[in-house]
Amino acid sequence: MTEKPEQVAKAGLSARKGHWLIEGLQRMRKNRGAVVAGCAVLMFLFLAIVGPMLAPHDPVDTDPPNRFERPTLEHPFGRDHLGRCIFSRVLAGTRVSFFQGFIATGIALFFGGVLGIVAGYYGGVLDHLISRLVDVMMAFPGFLLAVTIVAALGPGIVNCMIAVGVSSIPRFVRLTRSDVLSFREQEFTEAARASGAKDFRIMFRHILPNVVGPLGVYSTLRLSTAILAAAGLSFLGLGAQPPTPEWGAMAAAGRGHLIRHPHMVLFPAAAIFLLVLAFNFLGDGLRDALDPRQSD
Amino acid sequence: MLMASYIVRRLLQMVPVLILVSVFVFFILHIAPGNPALMIAGPDASIEVIEEIEAELGLDLPLYEQYLRWAGNVVRGDLGRSLRTRIPVTEELLEYMPNTLALAFVSITISSILGIIIGVISAVRQNTPLDTGIVFVAVSGISAPSFVRALLLMWVFAITFEWFPISGRPAGPLFSLPVLHAMALPALALAIGGMASLARLSRSSFLEVLRQDYVRTARAKGLSERVVQYKHALKNAMLPVITILGFRLGAMFGGSVIVETVFAWPGVGRRIIGAIGTRDFPVIQGAVLMLATVYVLVNLLTDISYAYVDPRIRYD
């Protein structure tokens, strides 16, 4: 009985953490599809970091006389309507997509997490207010909320990331809130309170570490949704503006030339498809591994 | 009696959500930069003219009064006029809405029928190559963004094979043959996402049900596997599928913005994008509000139908 309550809380926590995450990842190792998908995601991440350096040409360098060139050895994906190297643009676009995904998910994680902790911890009026706000945001059909927010803020890559991030907040609030509810009544919270910790400290030092794991996993899964939404907005001309090499915007530029020059659409479309596919298989593997009850 | 009180309770719960949705739509589009009066008057207008238009639109009133005025009109079915075309927004939307609803209806029909069939086949043949293949295709379907699906379908079936028109909507009543023909590709592009997730859900739900005691009982009675699967298990396996139909429709309204734009389908989603381009805020407000209202209503219907097929829900 000599241990301080905080230490007890931490010990319980670390035992718990090692328990589900590491064991889950070990289980996932047996799932070959998920491992391949994980490697593919890492490869995309690697391309996002070094891609622009590997690009054989400047992604915004135009060469109008050679526009619409079919794939060649020098330009493996061909050239677009301004004669730019599509291969280099797709490579550079990896970074743009990840960047958009990370920022948008980060916004959702931060605000959703804080609102969820506050709602779950305090309950009462505050919880009621936050939950109603979430209900209202959930009343907008998926992508439409992001479109509405961009409509208000105006098109552009920054506003697009804000819109995608804000429109994902409700799900993060719900997840965090329900997790916090289950921790609020547990002994370590009681112990921290008994030792005189203030609400703020209990929320962010004692409860937060417990919800960080599930939130992290969920954020990883939501990353692909955010990347899809940002690409969709860019496709509509509401996100990244020319000449930024963005996959959605590239597909939109190729749309008008689909009849004669389908390669302009094909390569950026394939890139985003493969990235999201890898994320989804990884996500399935993670879910099965972390929650074996759900797997078939 | 119980069912009726459940429906009334759910209808009453809907009212505050819709009011808050309207507040949200109104205020978020009010933070947008740009003066609507200036847009109507044009760049050369004098300050007097602009002020006159501002007064006419009520832009000189405090914000909450502007909202109350707007909301009062909305309740009476008046969503204001387009800043560009000066046509009443309600009139415009009544023209576009049926196209969007028809598209969503056809898509959700395709995706539920095919999705459930595929999911059940996959579950019955669990862990066979057929099942693995279906799961793989389903995940691929979810992974392709709607603009990729739309462009791919257009490229293959409209451009290469020329089986369907590339874009647009021929004149004529909805659900007439030429219109359905033009609707086929956009509907399919929208349906694939829903089909894939419905297939996955039906598969896991069906497998879950097959593990239940009453299925074991049915088997123990000596019923054939066919009867067990299709008479006992299937009905119960479809319960969770109903719950996501409403959600799927929402996803379709979201996706229709992109698919309608790609196929130049004259629906509300495409109108919103056009209106964003011209900063025509009354149109955006009205269209978003209308789609959100339909979505909330559909979710309500989903819940009611769920309570109808699963009586346990009503007692909560």
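Conventions used here
- Residues numbered from 1 in each chain as written.
- Chains lettered and ligands numbered in written order.
- Predicted model: local features only at pLDDT ≥ 70, side-chain atom pairs only at ≥ 80, totals over all residues.
- Heavy atoms only, no water.
- Helix = DSSP H or I, 4+ residues; strand = E, 2+ residues; numbered from the N terminus.
- Contact = heavy atoms within 4.5 Å.
- Areas by Shrake-Rupley, 256 points an atom, 1.4 Å probe, with all protein chains shown as cover.
- Buried < 20%, exposed > 50% of the residue type's maximum accessible area, 1.4 Å probe, protein only.
- Polar contact = N/O pair within 3.5 Å; in protein donor to acceptor, adjacent residues only side chain to side chain.
- Buried area = accessible area lost by both parts, 1.4 Å probe.
- Salt bridge = Lys/Arg side-chain N within 4 Å of Asp/Glu carboxyl O.
- Nonpolar A, V, L, I, M, F, W, Y, C, P; charged D, E, K, R; others polar.
- Core = buried A, V, L, I, M, F, W, Y, C linked by side-chain atoms within 4.5 Å.
- Phe/Tyr/Trp six-rings, centres within 6.5 Å; stacked < 30°, edge-to-face > 60°.
- Axes fitted to C-alpha atoms, helices over the stretch in contact; angles between N-to-C directions.
- Parallel < 35°, antiparallel > 145°, perpendicular 65-115°, else oblique.
- Left-handed = near helix turned anticlockwise from the far one by under 90°.
- Arc of directions from axis to C-beta.
- pLDDT = per-residue confidence, 0-100.

Chemist: What is the right way to read the overall build of chain B from this model?
Modeler: The secondary structure content of chain B amounts to 13 helices and 0 strands. Along its sequence from the N terminus, chain B presents helices and strands in the succession α-α-α-α-α-α-α-α-α-α-α-α-α. Within chain B, contacts between residues at least 6 apart in sequence are counted, and of these 71% link residues at least 24 apart. Per element, the accessible surface of chain B, about 15,200 Å² overall, is 66% carbon and sulfur.

Chemist: Can you walk me through the overall build of chain A in this structure?
Modeler: Looking only at helices and strands, one finds 10 helices and 0 strands in chain A. Along the first, second and third principal axes, the C-alpha atoms of chain A reach 80 × 45 × 35 Å. Residues counted as buried form 50% of the 296 residues belonging to chain A. For chain A, contacts bridging at least 24 residues in sequence account for 73% of all contacts bridging at least 6. Of the roughly 13,700 Å² of accessible surface on chain A, a fraction of 64% belongs to carbon and sulfur atoms.

Chemist: Could you clarify how one ought to interpret the side chain of N210 of chain A in this entry?
Modeler: Structurally, the position occupied by N210 of chain A is in helix α8 (residues 199-235). Polar contacts involving the side chain of N210 of chain A include one to the main-chain carbonyl oxygen of H206 of chain A, which spans 2.9 Å.

Chemist: Looking at this model, I keep getting lost on unusual backbone geometry. Mind explaining?
Modeler: Phi is mostly negative for residues that are not glycine, and the peptide bonds are mostly trans. Between P242 of chain A and the following residue, P243 of chain A, the backbone shows a cis peptide bond with an omega angle of 5°. Its place among the elements puts P243 of chain A in the loop between α8 and α9 (247-255). For E162 of chain B, which is not glycine, the phi dihedral falls at a positive 55°. Residue position: E162 of chain B is located in the loop between α7 (146-160) and α8 (177-210). Accessibility expressed as a relative area gives 63% for E162 of chain B, which makes it exposed. At F175 of chain B, a position not held by glycine, the phi torsion is positive, near 65°.

Chemist: What exactly am I supposed to notice about the interface of chain B and chain A here?
Modeler: Frequently, the measure chosen for interface size is the accessible area that the parts lose on association. Contacts between the two partners involve 49 residues from chain B and, on the opposite side, 43 residues from chain A. Around 3,900 Å² of area is buried between chain B and chain A when both sides are counted, 79% of it from carbon and sulfur atoms. For the interface between chain B and chain A, the tally reads 1 salt bridge. Across the salt bridge formed by R200 of chain B and D284 of chain A, the nearest N and O atoms sit 2.8 Å from each other. Seen at the junction of chain B and chain A, the total is 3 residue pairs in polar contact (both at pLDDT 80 or more). Counting only elements with at least two residues in the side of chain B that touches chain A, the list comes to α1 (2-28), α6 (129-143), α7, α8, α11 (239-262), α12 (268-277) and α13 (281-309) of chain B. Per element, the largest residue contribution to the side of chain B that touches chain A is 8 residues, and it comes from α11 of chain B. Its residues placed into classes, the side of chain B that touches chain A shows 38 nonpolar, 7 polar and 4 charged.

Chemist: I'm lost on helix α5 (residues 143-153) of chain A in this one. Help?
Modeler: Given 3.6 residues per helical turn, the α-helix brings residues three or four places apart onto the same face. Of all 11 residues in α5 of chain A, 10 are buried, a share of seventy percent or more. Taken from the residues just after α5 of chain A, G154 of chain A is the one with a positive phi, measuring 95°.

Chemist: Please clarify how the nonpolar core should be interpreted in this entry.
Modeler: The tendency in soluble globular proteins is for nonpolar side chains to be buried as a group. One finds F140, V147 and L233 of chain A together with V21, I272 and I284 of chain B to be the most contacted residues of the largest nonpolar core, which totals 127 residues. No other element matches the 15 residues that α13 of chain B contributes to this core. If we ignore the near neighbours within four places in the chain, the residues touching L233 of chain A are F143, A146, V147, V150, C160, V164, L238 and G239 of chain A. Counting residues in hydrophobic clusters, the runner-up holds 21 residues, among them A108, I117, V211 and Y218 of chain A.

Chemist: Help me understand the packing of aromatic side chains, please; the structure alone is not making it clear to me.
Modeler: The description of an aromatic ring pair uses the distance of the two centres, along with the angle that the planes make with each other. Applying the stated criterion across every chain, the model contains 21 aromatic pairs over all chains. With centroids separated by 6.3 Å and ring planes inclined at 50°, the aromatic side chains of F98 of chain A and F279 of chain A adopt a geometry described as tilted. Of this pair, F98 of chain A sits in helix α3 (residues 86-122) while F279 of chain A sits in helix α10 (residues 263-290), placing them 181 residues apart in sequence. Take F98 of chain A and F279 of chain A: they sit in the same class, and that class is buried. With centroids separated by 6.1 Å and ring planes inclined at 50°, the aromatic side chains of Y67 of chain B and W70 of chain B adopt a geometry described as tilted. With Y67 of chain B and W70 of chain B both in helix α4 (residues 63-75), this residue pair falls 3 residues apart, about one helical turn. For the pair formed by Y67 of chain B and W70 of chain B, the shared burial category is buried. Among the aromatic residues, those joined into a cluster by ring pairs are F26, F27, Y67 and W70 of chain B.

Chemist: What is the right way to read the packing of helix α7 (residues 187-194) of chain A against α8 of chain A from this model?
Modeler: Packed helix pairs are characterised by how far apart their axes lie and by the angle those axes make with each other. All names here are of chain A. Remark: α7 packs on α8, axes separated minimally by 11 Å, with the N-to-C direction vectors making an angle of 165°. Considered as vectors, α7 and α8 are oriented roughly antiparallel to each other. For the pair α7 and α8, the sense of crossing is right-handed. In this structure, α7 uses F188, T189, A192 and R193 to contact α8, whose residues at the interface are I202, H206, I207 and N210.

Chemist: Just to check I follow, could you spell out the environment of G222 of chain B for this structure?
Modeler: All names here are of chain B. Of note, G222 is situated in the loop between α9 (213-220) and α10 (225-237). Taking the relative accessible area as the measure of exposure, G222 reaches 57% and is therefore exposed. When the C-alpha atoms of G222 and A184 are compared, they prove to be 45 Å apart, with 38 residues separating the residues in sequence.

Chemist: Is there a simple way to explain the pattern of salt bridges in this structure?
Modeler: Between side chains of opposite charge, a pair can form when the charged atoms approach closely. All names here are of chain A. Here the structure, examined in full by the defined rule, presents 15 salt bridges over all chains. A salt bridge links R174 to D135; the nearest nitrogen and oxygen atoms lie 3.0 Å apart. Placement of the pair is R174 in helix α6 (residues 157-184) and D135 in helix α4 (residues 124-138), with a sequence separation of 39 residues. You can call R174 partly exposed: its relative accessible area is 41%. By relative accessible area, which is 22% here, D135 ends up partly exposed.

Chemist: Please clarify how α7 of chain A should be interpreted in this entry.
Modeler: Residue and element names in this part refer to chain A. Those residues of α7 not exposed but buried are F188, T189 and A192. Along the axis of α7, the buried positions cluster into a sector of 105°, meaning they face one direction only. Opposite the buried face of α7, by more than 90 degrees, sit the exposed residues E187 and A194. A positive backbone phi angle near 95° is found at G196, which sits one or two residues after α7.

Chemist: Sorry, what's going on with the confidence of the model for chain A here?
Modeler: Here chain A averages 84 in pLDDT, and 91% of its residues register 70 or above. Summarising per-element confidence for chain A, the mean pLDDT is lowest in helix α1 (residues 5-28) of chain A (56) and highest in α3 of chain A (92).

Chemist: What is the right way to look at the packing of α3 of chain A against α4 of chain A in this model?
Modeler: All names here are of chain A. Interaxial distance between α3 and α4 falls to 7 Å at its minimum, and their mutual angle equals 140°. In terms of axis orientation, α3 runs oblique to α4. Considering how the two elements wind past one another, α3 and α4 form a crossing that is left-handed. Contacts between α3 and α4 involve L115, V118, A119 and Y122 from the first element and G124, L126, D127 and I130 from the second.

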